[in-house]
Amino acid sequence: MDRESLPNPSVSAVVPAPALAFPKGFLWGTAVSAYQTEGGVINDWSEWEKSPARIASLKKQGLEPNDFICGPACDFYRRYKEDFALCQKLNNNAIRLGIEWARIEPAKGVWDVEAINHYREVLAAAKEHGLKVVLTLWHWTSPAWIAKDGGWANKKIVSHFLRFVDLAVKEYGTAVDYWVTLNEPMVPIGWGYIKGCAPPGKKFSFYQAARVFFNLARAHNQAYKIIHKHFKDAQVGIAQLTNHFEPARHWFFVEVFFARLFRFFHQDFFYFLIKRRLDFIGLNYYHHDRIVWYPPFRRNRNERQSDLGWEIYPAGIYAVLINLARFKKPIIITENGLADSQDRQRGQFIIEHLDNVHQAISAGADVRGYFHWSLLDNFEWNKGWAPKFGLYRLDRDTFWRTPRPSAKIYAEICRNNRLESK
Ligand code: BGC
């Protein structure tokens, strides 16, 4: 299917049409990751956060280093039952969450039985709360000993990861409905090896970045085989950050070419390496990128923005869904959300994005579920604690979770399995 042959979403897709029903069995959920919510994890990120170089760089920018330490996070590790109850309040029938490799294998070849059992209990509790499970195996973090061994630039890491995957599949296989082997591989590569704003904090290390890229692709392909060896019918995919790269001027071949180039390097290249080992496509959509031919190459109109300055552009999710439909695989929206501490825009954001999702389904995209990022405010990586992505507000001192008004809007949609007319 070709985007150009479909109705122009930016014109037609922003105003919800009356009562849009979603397919029967559609998955409604929220997404969280282990490191961002659990608390008390020691891994490559936690070590990097506290490193003298990182602290110095924050101070240089006039920032308070404590605001950039994950620490106890949301205490999800102990409060997961409470949080699954919140998912129930949202009328969700699914959740996307992760397990933390560093907990399970804190030292090379040392398996932590308590952690292994803990995650078994977590997954069982999810089921008890009526939630299907989308399980992420790697959401950017690895055990600290992996980093000391050269990290993902070292090919040997792939076999360590596969051992972890094998264990996870044996331990949790019956409780998992969808496996996400990797979350957004391109982001930690760009941050960690080109920009230096994530572990291992390297800048312009293109050669190492390429090695990590191919090792992650290898890791996915092998993990896919392992999961299928144990569970023939398993559903395995990755969650890929899929911004909508759009030429600022559709008639200008240079910008059209640049937009394609960006899409190729950010999305398609990785898919090209793993496309034979994908049962479904996990789509993380946050915004579009309007590409111009001159640096810094992105020039969005930014008529509406999130607290992070990301343009709110619901029509983009339609475009990327139609683009992904060419793989002829089921698609799950594994993340979509915004930082909005005042919750002024989140409700409308959800409605407009889901309206576009519905239109993409009507146009032939096989979308099976939607997971809002995120259930609750959590640790936003190198941006620390300031961005608020949660349907639930988190009080970081008491860990209390308070629903924001948008939670009610989302809960209503999930309950009805449709968007009502406004
Ligand atoms: C990541 C999340 C992150 C979210 C918001 C996604 O790219 O998977 O971990 O919190 O974006 O920035």
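See above for the structure.
Residue numbers restart at each chain and count upward from 1, following the sequence in its written direction. Totals for whole chains, interfaces and linings use all residues, but because this is a predicted model, local features are given only for residues with pLDDT of at least 70 and pairs of side-chain atoms are given and counted only at 80 or more. Derived side-chain values reflect all non-hydrogen atoms in the structure, with water molecules and hydrogen atoms excluded from consideration.

1. Comments concerning the overall build of the chain
(1) Moving on: Counting its regular elements, the chain contains 15 helices and 14 strands.
(2) Moving on: For this measure, only C-alpha atoms enter the radius of gyration; the expected value for a globule follows 2.2 Å times N^0.38, where N is the number of residues. Rg of the C-alpha trace for the chain: 20 Å, near the compact-globule value of 22 Å for 422 residues, within the 12% margin.
(3) Moving on: The principal-axis extents of the C-alpha atoms in the chain amount to approximately 55 × 50 × 50 Å.
(4) Moving on: Burial status across the chain gives 59% buried among its 422 residues.
(5) Moving on: Here a residue-residue contact requires only that any non-hydrogen atoms of the pair lie within 4.5 Å. The long-range fraction of contacts in the chain, counting pairs at least 24 apart against all pairs at least 6 apart in sequence, stands at 77%.
(6) Moving on: For the chain, the accessible area works out to roughly 17,700 Å², and carbon and sulfur atoms hold 55% of it.
(7) Moving on: As used throughout, the charge tally considers Lys and Arg to be positive and Asp and Glu to be negative, leaving His and the chain termini uncounted. Note on charges: their place is set at NZ of Lys, CZ of Arg, CG of Asp or CD of Glu. Where the 56 positive side-chain charges of the chain centre and where its 43 negative ones centre are 5 Å apart. Only DSSP runs of H or I with at least four residues qualify as helices, and only runs of E with at least two residues qualify as strands; both kinds are numbered from the N terminus onward. Per-residue accessibility, obtained with a 1.4 Å probe over protein chains only, is compared with the maximum for each type, and a residue is labelled buried under 20%, exposed over 50%, and partly exposed between these values. The protein chains shown are the only cover counted for residues, whose accessible areas, like all others here, come from Shrake-Rupley with a 1.4 Å probe.

2. Quick look at the site of the ligand
(1) Moving on: Throughout, near means a residue has at least one heavy atom within 4 Å of the molecule or strand. Lining the immediate environment of the ligand, one finds Gln36, His139, Trp140, Asn183, Glu184, Tyr286, Trp310, Glu335, Trp373, Glu380, Trp381 and Phe389.
(2) Moving on: Note that an oxygen atom of the ligand is positioned 2.9 Å from one of the side-chain N or O atoms of His139.
(3) Moving on: A distance of 2.4 Å separates an oxygen atom of the ligand from a polar side-chain atom of Glu380.
(4) Moving on: In the complex, the protein chains occlude 95% of the 310 Å² of accessible area that the ligand would expose alone.
(5) Moving on: Any residue outside Ala, Val, Leu, Ile, Met, Phe, Trp, Tyr, Cys, Pro, Asp, Glu, Lys and Arg is labelled polar, Gly included; the first ten of those are nonpolar and the last four are charged. Class assignment for the residues of the shell around the ligand results in six nonpolar, three polar and three charged. Residues adjacent in sequence count toward polar contacts only when both atoms are side-chain atoms; beyond that, a polar contact is any pair of N or O atoms within 3.5 Å, and within protein one must be able to donate a hydrogen and the other to accept it.

3. What about the sheet that holds strand β2 (residues 27-31)?
(1) Moving on: Strand pairing is defined by DSSP finding a minimum of two bridges between the two strands. Taken in spatial order, the eight strands close into a barrel running β2-β3-β4-β5-β6-β8-β10-β11, and their pairing is parallel. When the angles between neighbouring strand axes are averaged without regard to direction, this sheet yields 25°.
(2) Moving on: Where strand β8 (residues 281-285) lies against strand β10 (residues 331-336), five bridges are found, and the strand directions are parallel. Bridge pairing links Gly282 to Ile332 in β10.
(3) Moving on: Lines are fitted to the C-alpha atoms to define the axes, a helix being fitted only along its stretch in contact, and any angle between axes, read from their N-to-C directions, falls within 0 to 180 degrees. Here helix α12 (residues 253-274) sits on the sheet in contact with β5 (178-183), β6 (236-241) and β8, set at roughly 165° to β6.

4. Details of the nonpolar core
Across soluble globular proteins, you tend to see nonpolar side chains buried next to one another.
(1) Moving on: We define the nonpolar core as a collection of buried residues of types Ala, Val, Leu, Ile, Met, Phe, Trp, Tyr and Cys that are connected through side-chain atoms lying within 4.5 Å of one another. Counting 119 residues, the largest nonpolar core has Phe84, Leu137, Trp152, Phe161 and Leu321 as its most contacted members.
(2) Moving on: Filtering out sequence-adjacent residues up to four positions away, Leu137 remains in contact with Ile99, Phe161, Phe164, Val165, Ala168, Trp179, Val180, Thr181 and Ile227.
(3) Moving on: The next biggest cluster of nonpolar side chains, apart from the first, holds 14 residues, and it includes Ala94, Val134, Val180 and Ala339.

Everything listed is a geometric property; what it means functionally is a separate question.
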